[in-house]
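Each chain is listed here by its residues.
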Amino acid sequence: MTNKEVRVRFAPSPTGNLHIGGVRTAIFNWLFAKANSGKFILRIEDTDQNRYDENSEKSILSSLEWLSLDWDEGPFRQSERKDLYGNIAKKLVDSGWAYYDDTTSEELEELRQLQIREKRPPRYDNRGRYKEISHEYYEKNKDSKQIVVRFKVPDGGNKPFNDEIRGKVEFNLKEIDDFVILKSDGMPTYHLAHVVDDHEMKITHVIRGEEWISSTPRHVLIHDAMGWDYPKYVHVPLILGKDKSKLSKRHGAESALEYKDKGYLPEAIFNFLALLGWSPGDNSEIMTIDEIIEKFSVDRILGHPAVFDPEKLEWMNASYIRNLEDNTLSKMIIKEVDRPKEKGGLVSEKVSIEDITNRISILTPLIRERLRNVSESSFLLEYFFYDDLEIKKETLLPKKVEPKSIIDGLTKSITLIDEEKKFEPENLEEKFRELAKNSGLKAGQLFFPIRIALTGRKESPPLFDTMCAIGKEKSINRLYSAISIIKS
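Residues numbered from 1 in each chain as written. Predicted model: local features only at pLDDT ≥ 70, side-chain atom pairs only at ≥ 80, totals over all residues. Heavy atoms only, no water.

A. Layout of the overall build of the chain. Summing up its helical and strand segments, the chain has 19 helices and 12 strands in all. Rg of the C-alpha trace for the chain: 32 Å, well past the compact-globule value of 23 Å for 488 residues, more than 25% over. Seen through its principal axes, the chain has C-alpha atoms that stretch 100 × 50 × 40 Å. Looking at the chain as a whole, 49% of its 488 residues qualify as buried. (Helix = DSSP H or I, 4+ residues; strand = E, 2+ residues; numbered from the N terminus. Rg over C-alpha atoms; globule rule 2.2 N^0.38 Å. Buried < 20%, exposed > 50% of the residue type's maximum accessible area, 1.4 Å probe, protein only.)

Written as structure tokens, this is what we have:
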């Protein structure tokens with residue numbers, strides 16, 4: 001550790017939705033800052049103006065806010081700091097560490113094709129070093145010619161740096177060609193911009209994905225050229241799909257806000273992603289944010305890829321849902337189902353949101369155990385409000401039981417429900433078990449068709465809790481309907 005105040009940054013590019021890898025990087029940075037009483041800085045790396053998407057930037061900010069990843073400084077935007085990068089590039093030219101290059105894109109493509117034909121790796125051949133273009137020439141011609149600034153990489157030797165996870169990492173400088181640090185539009189590349197910003201913002205630890213390891217020699221070279229101290233580099237492991245290939249949507253990975261729309265809880269997403277590539281030092285899985293902060297340290301970040309398991313995320317989200325207070329979960333469910341039925345909600349001319357709200361305190365405990373995410377609420381609640389159940393005859397008939405026996409059992413069930421004064425789950429279960437016994441049926445042989453008749457499904461909350469929630473009248477009507485289906 002350093003005696004300096006810990007300062008870390010999350011620096012996304014606003015060119016698309018914030019994917020899982022980016023969210024995990026943000027979480028690691030935020031946790032490290034919180035664990036060390038440091039500062040978490042948000043920086044928008046928008047130097048690629050051709051790909052800049054305003055909606056993407058809004059989505060990034062919304063994602064961080066949803067996950068409660070509050071930033072201490074920022075958001076800073078690199079596009080607003082263009083002059084700073086231009087001045088640094090000019091200093092590097094003056095010191096001999098960089099040069100202007102007016103090689104055209106056509107010339108670069110011709111070079112690439114030649115190298116391919118000669119079976120050499122395509123790379124820039126450093127030809128611009130020998131043109132000796134002056135500041136005056138650059139200023140005069142930068143608007144009419146494609147002139148970039150390239151960093152002059154030393155001709156040989158190795159460039160080592162220390163990674164806090166992997167230790168000493170070393171690259172042969174002969175494998176690195178002179179790279180662009182200022183583009184022809186005057187905007188910096190990532191290599192220059194983030195190094196300048198990290199220095200200016202006094203970043204102490206650069207926590208980012210391990211895909212940036214191969215670029216780090218370029219970054220430490222710029223630090224060397226400017227006489228700046230290096231930050232501590234922490235390259236976190238990749239996230240792979242369950243088939244060990246690069247993570248993508250086909251593995252079930254979504255953007256942060258897509259998970260929000262699907263009814264996942266931010267605490268569950270946070271907990272799940274914090275454990276992707278980091279170990280708390282024990283077998284803990286369900287953890288509060290404060291517990292994660294207390295245990296978080298760089299030396300517990302793993303050196304091998306993490307595997308994204310959508311089933312585990314679903315399990316974790318369900319665990320968080322089960323731990324919510326009834327009132328909190330009820331409010332979330334009401335918000336979720338308050339849409340027209342044809343759009344995935346429960347509201348229609350027959351059922352108002354007031355009807356749902358009035359009954360939600362009874363229904364929430366019934367579906368809690370079956371909710372994997374809140375977006376499933378409408379499906380799990382539908383049969384409590386709507387009678388148009390799709391029931392096939394064969395689903396009402398248990399194997400090795402005569403239809404006549406089921407019809408007789410359902411008929412007696414109607415009588416029992418109609419005459420029962422104490423319409424409560426425990427009492428009903430006792431009475432129905434006795435009914436099954438007297439009818440020559442096993443309990444399951446009677447309960448199964450009753451469940452199908454009441455819900456249209458093989459799986460539902462406890463049968464007699466469900467019956468009470470549906471109510472006497474509807475339960476009787478649905479049992480009559482089931483008898484009609486069997487007789488048809």
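B. Summary view of the sheet that holds strand 8 (residues 180-182). Spatial strand order, 4-5-8: three strands in an open sheet with antiparallel pairing. A strand with exactly one partner marks an edge of an open sheet, and here the two such strands are strand 4 (98-101) and strand 8. Adjacent strand axes in the sheet meet at a mean angle of 45 degrees when their direction is disregarded. The pairing of strand 4 with strand 5 (residues 148-151) spans four bridges and is classified as antiparallel. For alanine 98, the partnering residue across the bridge sits in strand 5 and is phenylalanine 151. (Pairing = 2+ DSSP bridges. Axes fitted to C-alpha atoms, helices over the stretch in contact; angles between N-to-C directions.)

C. Structural detail: the pattern of salt bridges. In total, this model carries 41 salt bridges according to the counting rule given. Its salt-bridge partner being aspartate 125, residue arginine 127 comes within 3.1 Å of it at the nearest N-O pair. Classification of arginine 127 as partly exposed rests on a relative accessible area of 28%. Take aspartate 125: its relative accessible area is 36%, and that puts it in the partly exposed class. Ionic contacts of the salt-bridge type, sharing partners, join the residues Arg9, Arg43, Glu45, Arg81, Asp197 and Asp198 into one network. (Salt bridge = Lys/Arg side-chain N within 4 Å of Asp/Glu carboxyl O.)

D. Structural context of unusual backbone geometry. A cis amide bond, omega 5 degrees, links glycine 74 with the succeeding residue proline 75. Mapping proline 75 onto the fold places it in strand 3 (residues 73-77). Residue glutamate 132 is not a glycine yet carries a positive backbone phi of 50 degrees. Its identity is not glycine, yet lysine 244 carries a phi of approximately 70 degrees, on the positive side. In this structure, lysine 244 sits in the loop between strand 11 (239-240) and helix 8 (256-261). Overall, the relative accessible area of 56% leaves lysine 244 in the exposed class.

Purely geometric stuff here, so don't read any function into it on its own.
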